[in-house]
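Okay, here's what each chain looks like letter by letter:
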Amino acid sequence: MRIFVTGGCGFIGSNFVRFLLRERPDAEVTNFDALTYAGNLENLTTVEEHPKYRFVRGSICDRAALDAALKGGCDIVYNFAAESHVDRSLHEPQKFLDTNVTGTATLLEASLKAGAKRFVQVSTDEVYGSLGKDGVFTETTSIKPSSPYSAAKAAADLWVLSYHRSLGADVVITRSSNNYGPFQFPEKLIPLFISNALEDKPLPVYGDGMQVRDWLYVEDNCRAIEIVGKKGRSGEVYNIGGKSERENLVVTRALLREVGKPETLIKYVADRPGHDRRYALDISKIEKELGWSPNVGFEEGLKATVKWYLEHREWWTRVKSGAYREYYARQYGGRL
Ligand code: NAD
Ligand code: TYD
């Protein structure tokens, strides 16, 4: 089975590559990644010599690079590559349009030309917009994205679905809730706050901190994405959630307790413009159709995540300081 993963040097993608190489002995994995600020070769040092793993540096916006990397053909494409941070999308929206929309469209064309039998678009619950206190998003909820990030992801979803409806392409889409776990770039809530707490720096809580997210342990998401790729019905969307809705302040206090630091580190700051209040997912479709449910509860997942950040201080110190770029230029420079 030849598997083409894009964005495999990022957070979820690198967990997914390791998951495939560990769990699927028949998988030959190509990881195609542009190595933006969020892509880090250090995330995959444990598999870089694996005989069934290949890394190719390139952008999903670059058709010639994609054609070259896909030359030997492939069976299935998993598209993780994206600009993924809402706050950055408020400052650099064009980048999000380029990568998340044009990049996805370019990758889809190249994949079909290379004979890929299936295209898996890794999307997000953020395409549905914001909920009030009650209600949940189902796969048929209309999309109403708030930020340039989620609008670009929504546009990509529609583009990919149009290839199914009009051109008969075999595509599936996953829309997951907020992931957390090892190797997450410390710009997102949980790794930023754990690492700040470990450095006795303030934890900037936006607005009143009462926004709600549904937290999904990354390993559970990797398993779900693979099941959707394998068994999901063509042209369908599958929600993936952790059944762990928590207010940001509750998450913040829990991680401070786990790290053993005082709540005085919490610092209320100005709210994010357009901040979505609450996300919540109905995941009965994937549970009933594909037999997937989350295995890792929030308390267990948070404990494991804090432990990982405690044991990988060098990794996140390098990432936070930007020094990982010099590190891997030294380690890999000649080979890239
Ligand atoms: P990330 O920012 O950690 O990693 C993104 C990866 O994509 C990086 O390795 C980066 O180098 C690569 N990339 C960026 N632009 C590229 C391009 N033009 N060509 C090739 N590679 C490129 O992101 P993540 O958190 O791992 O998210 C992965 C996917 O999952 C994204 O599509 C995101 O929208 C989606 N998602 C993330 C979450 C979450 O909580 N993190 C939740 C739901 C969905
Ligand atoms: P984030 O991890 O950026 O994910 P998303 O915006 O995609 O849900 O943020 C999660 C929640 O945490 C969101 O409500 C914004 C909030 N947040 C803060 O309060 N402070 C921060 O420094 C960050 C990064 C996020």
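Above this text sits the structure in question.
Residues numbered from 1 in each chain as written. Chains lettered and ligands numbered in written order. Predicted model: local features only at pLDDT ≥ 70, side-chain atom pairs only at ≥ 80, totals over all residues. Heavy atoms only, no water.

Q: Break down the overall build of the protein chain for me, with residues and values.
A: Counting secondary structure elements, the protein chain contains twelve helices and twelve strands. Its C-alpha atoms give the protein chain a radius of gyration of 19 Å, near enough to 20 Å, the size a compact globule of 336 residues would have. Its C-alpha atoms give the protein chain principal-axis dimensions of about 55 × 50 × 35 Å. Buried residues in the protein chain amount to 56% of all 336 residues. A separation of at least 24 residues holds for 83% of the contacts in the protein chain among residues at least 6 apart in sequence. Working note: accessible area of the protein chain is about 14100 Å², and carbon and sulfur atoms make up 52% of it. (Helix = DSSP H or I, 4+ residues; strand = E, 2+ residues; numbered from the N terminus. Rg over C-alpha atoms; globule rule 2.2 N^0.38 Å. Buried < 20%, exposed > 50% of the residue type's maximum accessible area, 1.4 Å probe, protein only. Contact = heavy atoms within 4.5 Å. Areas by Shrake-Rupley, 256 points an atom, 1.4 Å probe, with all protein chains shown as cover.)

Q: How would you explain the pattern of salt bridges if you had to name every residue and give the values?
A: This model, assessed by the stated rule, comprises 30 salt bridges. In this structure, Arg-272 engages Asp-87 in a salt bridge whose closest nitrogen and oxygen atoms are separated by 2.6 Å. Of this pair, Arg-272 sits in the loop between strand S12 (266-269) and helix H9 (284-290) while Asp-87 sits in helix H3 (residues 86-91), placing them 185 residues apart in sequence. A single burial state applies to Arg-272 and to Asp-87, both of which are buried. Notably, a salt bridge pairs Arg-246 with Glu-299, separated by 3.0 Å at the nearest N-O pair. Here Arg-246, found in strand S11 (residues 245-247), pairs with Glu-299, found in helix H10 (residues 298-311); they are 53 residues apart in sequence, far enough to count as distant. (Salt bridge = Lys/Arg side-chain N within 4 Å of Asp/Glu carboxyl O.)

Q: Which residues make up the sheet that holds strand S7 (residues 178-180), and what are the values?
A: Pairing is mixed across the open sheet formed by three strands, whose spatial order is S7-S9-S11. Each of the sheet's edge strands pairs with one partner strand only, and the pair in question is S7 and S11. Between one strand and the next, the sheet's axes are offset by a mean angle of 50°, whatever the strand orientation. Pairing of S7 with strand S9 (residues 212-217) involves three bridges; the strand directions are parallel. The partner of Tyr-180 across the bridge, within S9, is Tyr-217. Helix H8 (residues 248-259) rests against S9 and S11 of the sheet, and its axis sits at about 85° to S11. (Pairing = 2+ DSSP bridges. Axes fitted to C-alpha atoms, helices over the stretch in contact; angles between N-to-C directions.)

Q: I'd love a proper account of the environment of Thr-252, names of residues and values included.
A: Mapped onto the secondary structure, Thr-252 falls in helix H8. Classification of Thr-252 by relative accessible area gives buried; the value is 1%. C-alpha of Thr-252 to C-alpha of Val-205: the two residues are 47 residues apart in sequence and 8.4 Å apart in space. Those residues in contact with Thr-252, other than ones at most four positions away along the chain, are Phe-193, Leu-203, Val-205 and Ile-266. Within the structure, Thr-252 has its side chain in polar contact with the backbone oxygen of Asn-248 (distance 2.7 Å). (Polar contact = N/O pair within 3.5 Å; in protein donor to acceptor, adjacent residues only side chain to side chain.)

Q: Report on the site of ligand 1, specifying residues and quantitative values.
A: The immediate surroundings of ligand 1 are formed by 29 residues, with Ile-12, Asp-33, Ser-84, Tyr-149 and Lys-153 found nearest. Protein contacts shield 96% of the accessible area of ligand 1, which totals 830 Å² for the unbound molecule. The leading source of residues in the shell around ligand 1 is strand S5 (residues 118-124), at three residues. By residue class, the composition of the shell around ligand 1 is twelve nonpolar, 14 polar and three charged. (Near = heavy atom within 4 Å. Nonpolar A, V, L, I, M, F, W, Y, C, P; charged D, E, K, R; others polar.)

Q: Explain the pairing of strand S1 (residues 2-6) residue by residue, including any values.
A: The buried fraction of S1 amounts to four of the five residues, a majority that puts the element mostly inside the structure. Alignment of S1 against strand S2 (residues 28-33), held across five bridges, turns out to be parallel. Across the sheet, Thr-6 pairs through a bridge with Phe-32, a residue of S2. In terms of handedness, the path from S1 via helix H1 (residues 11-23) over to S2 forms a crossover that is right-handed. (Right-handed = clockwise from strand over helix to strand, strands pointing away.)

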